[in-house]
Amino acid sequence: MSLKMINIQKYLFFALLMLFSTFSFAQKKENFVIVIDAGHGGKDIGARGVADYEKNITLDVSLKLGALIEKNNPDVKVVYTRKTDVFLELWERTRISNNNKANLFVSVHCNSAANKAAYGTETFVMGLNRSNETDEVSKRENSVIFLEKDREIYEKFNPNDPEAVIAFEIMNAAYKEQSIRFADLVEKNFVNFQKRHSRGVKQANFHVLRGNASPSVLVEIGFISNQDEGTYLASDEGKKSTAETLYQAFLTYKKEYDRRNGVVAEEDKPKVEKKVEKPLEGKKLKVKVLTSRIKYSPSSPQLKGLTDLEVVQDGDDYIYYYGDTDMRSRADELLAVAKRKGFSNSQIVEFDLNKRLEGGKNYRIQFMTSNKRYRDKDDKYNGLVNVLRVKEGSIHKYYFGADKTLQQAQKTLEQVQSKGFKNAFVVTFNGEVPM
Ligand SMILES: [Zn+2]
């Protein structure tokens, strides 16, 4: 290729580049700025969850939320207070927000409580209402100040000084209604979109919200001190779903903002499609976590804290299943939980509920083993009748029911469990002989 040709190509390339950049610049009319603040970071780990630190979960959720907005809302400028695991003082977060003339400030946090049973989401707006409960949260979220250099900055505001309170209330009032509106949308979406438990919209004195010249909320996306919620929020699926929930709230809020500001709504704007997943018909998905010659008790350390495992005897082996669902997405979540617990070879198994066993094969429920031989209709059976007794060595095993399909066997199992035999499980038989 001659030098001249290269130059022409180069020229054309730059000319096109200029054209496209002018074009995209002209199209990019940003009329709204959202500041997304991933709580904590760096040396400030936030709360210590069952599966991960707060700072890591808040960062991932914030980045996912921002990515959704960047992808679908070209008229919105997304500003992150942090995009990596760095320490940031609270006033810096506020400064970033004000410098960018934010229209909305969203601070993402995770809750934590000494009571491991506590769970659910809550969204805070700035307020001086005092209650012991919200005090706990604000104390924790404000505590980072003790890691910061310029502590005096925060001491300017004294909630016991009536003048300071009045000055604050005047500034805060301008944004309060909109802050509450967004907080309300967030909590409603947690319930409607994600089926989470909402603890509601609350007011508290947060340093990270106080200096903002914009509607501002602090979202506690759940309790990472809670085994289930903490595991869920640390999972990819949990973070993704939480980000989508916040995004849905943002979309509604932005639409209302546009309407107030006379922006014509573009109904055909791309949105995140809500996946409408249909349950599988006549099928169940379970996660097979373990196959063992040993039947472990539910509290056994070999089960690594996974609860409600279903045990099915298959020949000499016991197969341990976790969960039971007819939704693919739920099965994926269950698989992720099992793997995180350390069952790295776990796999999803599909069960055809209505498939009938061939020939004389059937499912029975083993509910008791004993070295004693009980009579028919013994009180020990808690009312179960037609019990089959199988002798193995010196042990008698007691079985109830004889079903051809797994669906029926599941129902029988529930019936047996309701009689007090919580550890009962399904065994496949050929006639009256365990297989
Ligand atoms: Zn926090």
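Data block above holds the structure.
Quick caveat, the model's predicted, so the values are computed rather than measured.

### Here we look at the overall build of the protein chain
Next up, step 1: Helix and strand content of the protein chain: eleven helices and 15 strands.
Next up, step 2: Within the protein chain, the fraction of its 435 residues that count as buried is 47%.
Next up, step 3: Here the analysis covers contacts within the protein chain between residues at least 6 apart in sequence; of these, 78% occur between residues at least 24 apart.
Next up, step 4: Element-wise, carbon and sulfur atoms account for 52% of the exposed surface of the protein chain, whose accessible area totals about 23500 Å².

### Here's the deal with the packing of helix α2 (residues 54–72) against helix α9 (residues 236–260)
Next up, step 1: Axis separation between α2 and α9 bottoms out at 8 Å; the angle between their running directions is 50 degrees. One element, α2, and the other, α9, form an angle in the oblique class. α9 is crossed by α2, and the crossing has right-handed handedness. Along the contact surface, α2 presents I57, D60, V61, K64, L65, L68, I69 and N72, while α9 presents D236, K239, K240, T242, A243, E244, L246, Y247 and F250.
Next up, step 2: Across the contact of α2 with α9, the residue classes break down as nine nonpolar, two polar and six charged.

### Observations concerning α2
Next up, step 1: The first and last C-alpha atoms of α2 sit 27 Å apart over 19 residues, in line with the 27 Å expected at 1.5 Å per residue.
Next up, step 2: Among the residues of α2, E54, K55, I57, T58, L59, V61, S62, L65, G66, L68, I69 and N72 are the ones counted as buried.

### What about the pattern of salt bridges?
Next up, step 1: Tallied over the full model, the rule gives 17 salt bridges.
Next up, step 2: A salt bridge links R293 to D317, with the nearest nitrogen and oxygen atoms 2.9 Å apart. Note that R293 is positioned in the loop between β7 (283–292) and β8 (309–314) and D317 in strand β9 (residues 317–325), a separation of 24 residues in sequence.
Next up, step 3: Using a relative accessible area of 58% as the deciding quantity, one classes R293 as exposed.
Next up, step 4: According to the relative accessible area criterion, D317 is partly exposed, its value standing at 25%.
Next up, step 5: Taken together, the shared-partner salt bridges connect D75, K254 and D258 into one network.

### Concerning the pairing of strand β14 (residues 425–430)
Next up, step 1: The element β14 is largely enclosed, with a buried count of five among its six residues.
Next up, step 2: Here two bridges tie β8 to β14, and the two strands are oriented parallel to one another. In the strand pairing of β14, V312 is matched with V426.
Next up, step 3: Bridge analysis of strand β11 (residues 361–370) against β14 gives six bridges, and the strand direction is antiparallel. What sits directly across from K361, in β14, is N430.
Next up, step 4: Bridge count for β14 against strand β15 (residues 433–434) is two bridges, and the pairing is antiparallel. Counterpart to N430 in the pairing with β15 is V433.
Next up, step 5: Counting the residues between successive antiparallel strands, the hairpin from β14 to β15 contains two residues, one of them, G431, with a positive phi of roughly 65 degrees.

### A word on the side chain of D403
Next up, step 1: Of note, D403 is situated in strand β13 (residues 395–403).
Next up, step 2: As a buried residue without a salt bridge, D403 has its nearest oppositely charged side chain in R356, at a separation of 8.8 Å.
Next up, step 3: Those residues in contact with D403 that lie beyond four places of it in its chain are L357, N362, Y363, Q408, A409 and T412.

Reading the values: the criteria
- Residues numbered from 1 in each chain as written.
- Predicted model: local features only at pLDDT ≥ 70, side-chain atom pairs only at ≥ 80, totals over all residues.
- Heavy atoms only, no water.
- Helix = DSSP H or I, 4+ residues; strand = E, 2+ residues; numbered from the N terminus.
- Buried < 20%, exposed > 50% of the residue type's maximum accessible area, 1.4 Å probe, protein only.
- Contact = heavy atoms within 4.5 Å.
- Areas by Shrake-Rupley, 256 points an atom, 1.4 Å probe, with all protein chains shown as cover.
- Axes fitted to C-alpha atoms, helices over the stretch in contact; angles between N-to-C directions.
- Parallel < 35°, antiparallel > 145°, perpendicular 65-115°, else oblique.
- Left-handed = near helix turned anticlockwise from the far one by under 90°.
- Nonpolar A, V, L, I, M, F, W, Y, C, P; charged D, E, K, R; others polar.
- Expected span 1.5 Å × (residues − 1).
- Salt bridge = Lys/Arg side-chain N within 4 Å of Asp/Glu carboxyl O.
- Pairing = 2+ DSSP bridges.
- Lys, Arg positive; Asp, Glu negative; His and termini not counted.

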